[in-house]
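The residues making up each chain are set out below.
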Amino acid sequence: MAELKPVEAALSALLEGVQPLGSERIPCDRAAGRILAEPVAATLDVPPFDNSAMDGYALHHRDAGRWLRVNQRIAAGATGEPLAADSCARIFTGGAIPEGADCVVMQESVEVDGDWVRVPEGVPAGDNIRRRGRDVTAGSELLPAGEPLEAAALGHLAGQGITEVTVRRRPRVALLSTGDEIVDPGQPLGPGQIYNSNRPMLRRLLERFGAEVVHLAAIPDEPEGTRRALEDAARRADLVVSTGGVSVGEEDHVKAAVEALGQLDLWRLAIRPGKPLALGRLPAEGHEARFVGLPGNPVSSFVGAWLFLRPLMGALLGAPALLELPRLAARAAFATQTGPRAHYMRVRLEFGTEGISAHAFRDQNSGVLSSCIAADALAVVSPETRLEVGDRVDCLWIGGA
Ligand code: AMP
Ligand code: MG
């Protein structure tokens, strides 16, 4: 029997030679979640002018402690006049600092008498002023290539007045399910049949990783139909993902079909859940689709998607943030003993003042999809390890909004 391969070996085989896909120009309004294909340079200083961080009074700091006449009012959006001698300006948050002023004193600290105010002594120059260019300087790099356009990055683009960006094309994915026992929700369930859980689950994960799922189909447990389904999928997609049918059972035809059409490596991974993993290439007109065959078991394909499809999306999108799952050290709130395979346990993390603790779902059987529902991490327990409550365990973060 072939030896079990570590995850890392399969992952480097999977990512070998993968290049980021092409790019497209799209309006920023539709760019949420997309990956920048090229760096964006700043053309504006942000803020574009010195402005007040407070509602208060703008003055020169050497005038602090003296009575000053308030002879102008500068609201956000307005610009004032240069300060006359012995004067200050009423100013509001975001208002432009007038020439001659070098600090703002908040209104709560000021003595007011009609049009006159006195601010306490000892106000330092620069106080409560948001300096021009403090956030972004014109000419600097605003965002690097590979940056996911999430909330703050979108805000940053808008801060430059930018309306369009060049983003990576989303990888087109064909998602196939094998198994004559698999039925789509909406259809009646016959004896011996089960509903297709993998399809919506993997579709959601793939979309979350940045893919566009362009094709969904079922592969029959039969050689010729399997070949046709794979050929069709490869034509439509950059990546063909299938679930099931990659064990060595008599009804597992995917392996032979991918081998006949292109190239396939079947890996027996040293992980639990999810031992079999098929990696291959499917040549189609004008391009070559990558092929990933995940196990049929929903828990195994869930874990496999996080471990393999996410970094693959990262490579296809040129998005370094997707290449590796964030790793956290936690204290195990459970005990376990592993065999020859590393166990990727579905855990819920608790963040306490004493640190992070990992709570394993009570039933870690690979057939129990409930274990994935509340999981916000995969706790990785190495092969042949006795883990006790309180021991350190490395966790891969799969949670978040
Ligand atoms: P296989 O890898 O084809 O041997 O499938 C392993 C197990 O996962 C079997 O019990 C299948 O019935 C089940 N399975 C395969 N595909 C799916 C699916 N799309 N949804 C739910 N269960 C599945
Ligand atoms: Mg099957």
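Residues numbered from 1 in each chain as written. Chains lettered and ligands numbered in written order. Predicted model: local features only at pLDDT ≥ 70, side-chain atom pairs only at ≥ 80, totals over all residues. Heavy atoms only, no water.

**Some details on the side chain of threonine 178**
Heads up, the condition is: Each helix is a run of H or I in the DSSP string that is no shorter than four residues. Each strand is a run of E no shorter than two, and both are numbered from the N terminus. Between buried and exposed lies partly exposed: a residue is buried under 20% and exposed over 50% of the maximum accessible area for its type, with that area taken using a 1.4 Å probe on protein chains only. A 3.5 Å cut-off defines polar contacts: any pair of N or O atoms within that distance qualifies, except that in protein one atom must be a possible hydrogen donor and the other a possible acceptor, and neighbouring residues in sequence count only when both atoms are side-chain atoms. For this analysis, residues touch if any pair of their heavy atoms sits within 4.5 Å.
Relative to the elements of secondary structure, threonine 178 occurs in strand E13 (residues 172-178). The buried category is assigned to threonine 178, whose relative accessible area is 9%. At a separation of 2.8 Å, a polar atom in the side chain of threonine 178 contacts the main-chain carbonyl oxygen of threonine 243. Of the polar contacts made by the side chain of threonine 178, one reaches the backbone nitrogen of glycine 245; its length is 3.3 Å. Once residues lying within four places of it in the same chain are set aside, the contact partners of threonine 178 are Ile219, Asp221, Thr243, Gly244, Gly245 and Val254.

**Focus on the site of ligand 1**
For clarity, the threshold we go by: Nearness here has a simple test: a residue counts as near a molecule or strand if at least one of its heavy atoms is within 4 Å of that partner. Note on areas: Shrake-Rupley with a 1.4 Å probe; residue coverage comes only from the protein chains shown. Polar here means any residue other than Ala, Val, Leu, Ile, Met, Phe, Trp, Tyr, Cys and Pro, which are nonpolar, and Asp, Glu, Lys and Arg, which are charged; Gly is therefore polar.
Around ligand 1, 14 residues are found, and the nearest of them are Glu181, Asn196, Ser197, Gly245 and Asn297. Within the backbone of glycine 245, one N or O atom sits 3.0 Å away from an oxygen atom of ligand 1. Protein coverage of the free-state accessible area of ligand 1, which is 490 Å², stands at 74%. In terms of residue class, the shell around ligand 1 is built from four nonpolar, nine polar and one charged.

**Comments concerning the nonpolar core**
Condition: Put simply, buried Ala, Val, Leu, Ile, Met, Phe, Trp, Tyr and Cys residues joined by side-chain atoms within 4.5 Å make one nonpolar core. As used throughout, domain bounds are those supplied by an automatic or database domain assignment.
Formed by 49 residues in total, the largest nonpolar core has its most connected members in Leu277, Val292, Leu307, Phe308, Leu309, Met313 and Tyr344. Per-element tally for this core: the top contributor is helix H6 (residues 298-317), with 13 residues. Residues from two domains meet in this core; each of domain 1 (7-21 + 169-322) and domain 4 (327-397) gives at least three. Not counting residues up to four positions away in its chain, the partners in contact with leucine 307 are Leu11, Ile271, Leu325, Tyr344, Leu378 and Leu396. In terms of nonpolar packing, the next biggest core, distinct from the first, is built from 21 residues, Ile219, Leu230, Ala289 and Phe291 among them.

**A closer look at the pairing of strand E28 (residues 392-397)**
This is how the line gets drawn: In this analysis, strands are considered paired if DSSP registers two or more bridges between them.
For strand E22 (residues 327-332) and E28, the ladder comprises five bridges, and the chain directions are antiparallel. Within the sheet, the bridge partner assigned to alanine 330 lies in E28 and is valine 393. As paired elements, strand E26 (residues 377-381) and E28 share four bridges and run antiparallel to each other. Of the residues in E28, the one forming a bridge with valine 380 is aspartate 394.

**As for the packing of helix H3 (residues 198-208) against H6**
Let me state the cut-off plainly: Working convention: axes come from line fits to C-alpha atoms, limited for helices to the stretch in contact. Angles between N-to-C directions cover 0 to 180 degrees. By the definition adopted for this analysis, an angle is roughly parallel if under 35 degrees, roughly antiparallel if over 145, roughly perpendicular if from 65 to 115, and oblique otherwise. Here a crossing is taken to be left-handed if its near helix is turned anticlockwise relative to the far helix by less than a right angle, and right-handed if that turn runs clockwise.
Contact pair H3 / H6: the axes reach a minimum separation of 10 Å and the direction vectors enclose 25°. It follows from the interaxial angle that H3 and H6 lie roughly parallel. With respect to the hand of their crossing, H3 and H6 are arranged in right-handed fashion. Note on element contacts: H6 touches H3 through Pro298, Ser301, Phe302, Ala305, Trp306, Leu309 and Met313, opposite Asn198, Met201, Leu202, Leu205, Leu206 and Arg208. The residue inventory of the contact of H3 with H6, partitioned by class, reads ten nonpolar, two polar and one charged.

**What to know about a negative patch on the surface**
Threshold: Residues enter patches when their relative accessible area tops 30% and they take part in no salt bridge; the joining distance is 9 Å for like charges and 5 Å for the nonpolar side chains Val, Leu, Ile, Met, Phe, Trp and Tyr. A pair is scored as a salt bridge if a Lys or Arg side-chain nitrogen falls within 4 Å of a carboxyl oxygen belonging to Asp or Glu. In this charge count, Lys and Arg are treated as positive and Asp and Glu as negative; neither His nor the chain ends contribute. Working definition for charges: the position is that of NZ of Lys, CZ of Arg, CG of Asp or CD of Glu.
Taken together, the side chains of Asp180, Glu181, Glu222, Glu250 and Glu251 define an acidic patch exposed on the protein surface. Checked against the element boundaries, glutamate 250 lands in the loop between strand E17 (239-243) and helix H5 (254-261). For glutamate 250, a relative accessible area of 76% gives the class exposed.

**A short note on the domain arrangement of the protein chain**
By domain assignment, the protein chain separates into domain 1 (7-21 + 169-322), domain 2 (23-46 + 134-168), domain 3 (51-130) and domain 4 (327-397). Taking only C-alpha atoms into account, the centre of domain 2 sits 35 Å from that of domain 3.

**Here we look at the packing of aromatic side chains**
The following threshold applies: Working definition: a ring pair exists when centres of Phe, Tyr or Trp rings (six-membered ring for Trp) sit within 6.5 Å. Plane angles under 30 degrees give stacked, over 60 give edge-to-face, the rest tilted.
Applying the stated criterion across every chain yields a total of two aromatic pairs. Measuring from ring centre to ring centre gives 5.0 Å for phenylalanine 209 and tryptophan 306, while their planes differ by 70°; the resulting arrangement is edge-to-face. In this pair, phenylalanine 209 is assigned in the loop between H3 and strand E16 (212-219) and tryptophan 306 in helix H6, connecting sequence segments 97 residues apart. Neither residue differs from the other here; phenylalanine 209 and tryptophan 306 are each classed as buried. Seen from their ring centres, phenylalanine 351 and tryptophan 397 are 6.3 Å apart, and the 75° between their planes marks the pair as edge-to-face. Remark: tryptophan 397 occurs in strand E28 and phenylalanine 351 occurs in strand E24 (residues 342-352); sequence separation between them is 46 residues. Its relative accessible area of 53% is what places phenylalanine 351 among the exposed residues.

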